[in-house]
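# Descriptive analysis of the structure
Read off the chains here:
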Amino acid sequence: MESVTSTSAPPPVPYIADPYPALARIRANGPVSILHSDEGIPMWVIARYRNVRAALADPRFGQDARRAQTLADNRVAGVTLGGDVIHMLNSDPPDHTRLRHLVQGAFTARRVAAMRPLVERITTSLLDGVGGRQTVDLVQDFAFPLPMLVICELLGFPAEERDAYRSWSTAILTHNDDPAAFATALRDMTDYIEVQLRHRRARPGEDLLTELLAARDAGQLTDDEIVGMVFLLLIGGHETTVNLLGTATLALVRNPDQHRWLLANPHALSEAIDEFLRYESPVAMATLRFTTAPVTVDDVVIPAGELVLVSLGGANRDPDRFPDADRLILDRRDTGHLAFGHGLHRCLGAFLGKLEGEVALGALLGRYPGLTLAAEVRQLRWRDTIMLRGLESLPVSLHG
Ligand code: HEM
């Protein structure tokens, strides 16, 4: 708590802890703003809902990681954008179309609905594991292992090494902070994936890894692409849901009226998940885009060859689209948020992410309806990247 006798203004809250005031300023500044990365690369930022949605659906915004890297190199030598492993999310058509097509069958509404018992089993066993304790770290003990165990099961990947995946993933996502750690993590992770692929080749199973190996044998993807696919699914499959579970729980304990409302209306959980996703979008910034041709955003022209950041978190808090946008309103009943992106690269795992959110939060609240925060909000640590919005840890008292 701030001291009531203090006369000086409190220190400003850093962007990572609360990005929304800065995003509101960017929206107010105009349809597009120019910011500079720490390395001095100019980036155009789009943060108004209408413009974000249009940009995500506009083929003139490319995503090919190699072309983006060349554009960055032309401005500041020696900067890495972190797109060293090629996968569908940093590819443009036709490669994107081919790669997505290979795995999309595993993520349809029907296939995901069939995974509910698996997600429930994993959820129950994680909650059983923390059962006897008064205080737990909801992120480390629940929100992180849950989606990680699910994606490992789906891929046919050993889950025991999950802490290693998490630390590789962190080093890869925060590549600007420590390029050496990034390079090591990237090498270790891709080497590890290759070893797993060799194991699976020797002993095929009924999993995605086996299907991908068959597709490679049929000439539908290259050796590098299969590694990239597993890399993307492992990172995309957990870095997102873990954030949803952590921030949704935090939002509930900080909004007791909404917490009570959800306990009284458990059938509304699915719509509530959409509001949690809007309120704290786990992927705060879409992956880096660049203009392949001049693009006019309202009255501003972004020339060809510019790097562009598209703020999903900014769009989802735009008051021109969502009345009272900074308030959590669980019965808002508006599924128009952009937390899963939009257009060609819209999240492949959206059904799975939502299912995990529903099962996990439903079970957590069912068992521990009186759960409370066991730390001061301002002491909470957030993931140190502008791309994701998630907590490092979230201490909670299960029994209040
Ligand atoms: C709540 C959970 C999730 C959220 C909020 C989320 C969000 C997103 C967003 C915003 C994008 C598009 C990024 C962009 O356009 O730059 C995306 C793409 C993607 N997501 Fe998710 N995601 C979630 C869960 C998952 C899960 C569980 C998987 C499973 C493996 C997954 C796999 C993917 C893949 C493969 C793509 C790339 C699609 C493409 O390039 O066509 N996501 N996700």
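In the annotation of an unreviewed UniProt entry, the protein is listed under the name Cytochrome P450 and assigned to Salinispora tropica.

## Brief notes about helix H4 (residues 95-103)
Three or more residues of H4 are buried, namely His96, Leu99, Arg100 and Val103. Projection of H4 onto a plane perpendicular to its axis shows the buried side chains occupying an angular sector of 95°, all on one side. Looking at the buried residues of H4, the elements they touch are helix H11 (208-217) and helix H12 (223-238).

## Here's the deal with the coordination of the iron atom of the ligand
In this structure, the iron atom of the ligand receives exactly one donor atom from the protein: Cys347 (SG), at 2.2 Å. Structurally, Cys347 is set in the loop between helix H16 (312-316) and helix H17 (350-367).

## Description of unusual backbone geometry
Between Pro93 and the following residue, Pro94, the backbone shows a cis peptide bond with an omega angle of 5°. Within the secondary structure layout, Pro94 lies in the loop between helix H3 (65-75) and H4. With a phi angle near 55°, Asp324 is a residue other than glycine that sits in the positive phi range. In this fold, Asp324 is placed in the loop between H16 and H17. For Asp324, a relative accessible area of 44% corresponds to the partly exposed category. Although it is not a glycine, Arg333 sits at a positive phi angle of roughly 55°. Relative to the helices and strands, Arg333 is located in the loop between H16 and H17.

## Here we look at the nonpolar core
Formed by 92 residues in total, the largest nonpolar core has its most connected members in Phe107, Leu155, Phe157 and Phe276. If you tally residues by element for this core, the top one is H12, at nine residues. Once residues lying within four places of it in the same chain are set aside, the contact partners of Phe276 are Leu244, Ala248, Ala251, Leu252, Leu262, Leu328, Leu330 and Leu361. In terms of nonpolar packing, the next biggest core, distinct from the first, is built from 19 residues, Trp44, Val52, Leu312 and Leu338 among them.

## Here's the deal with the packing of helix H9 (residues 162-173) against H12
The interhelical angle for the contact between H9 and H12, taken along N-to-C directions, is 90°, at an axis separation of 11 Å. Between H9 and H12, the crossing angle belongs to the class labelled roughly perpendicular. Every residue of H12 that contacts H9 at Tyr165, Arg166, Ser169 and Ile172 is listed here: Phe231, Leu234, Ile235 and His238. Tallied by class, residues from the contact of H9 with H12 come to five nonpolar, two polar and one charged.

Reading the values: the criteria
Residues numbered from 1 in each chain as written. Predicted model: local features only at pLDDT ≥ 70, side-chain atom pairs only at ≥ 80, totals over all residues. Heavy atoms only, no water. Buried < 20%, exposed > 50% of the residue type's maximum accessible area, 1.4 Å probe, protein only. Helix = DSSP H or I, 4+ residues; strand = E, 2+ residues; numbered from the N terminus. Arc of directions from axis to C-beta. Contact = heavy atoms within 4.5 Å. Donors = N, O, S within 2.8 Å, 3.2 Å for Na, K, Ca; no water. Core = buried A, V, L, I, M, F, W, Y, C linked by side-chain atoms within 4.5 Å. Axes fitted to C-alpha atoms, helices over the stretch in contact; angles between N-to-C directions. Parallel < 35°, antiparallel > 145°, perpendicular 65-115°, else oblique. Nonpolar A, V, L, I, M, F, W, Y, C, P; charged D, E, K, R; others polar.

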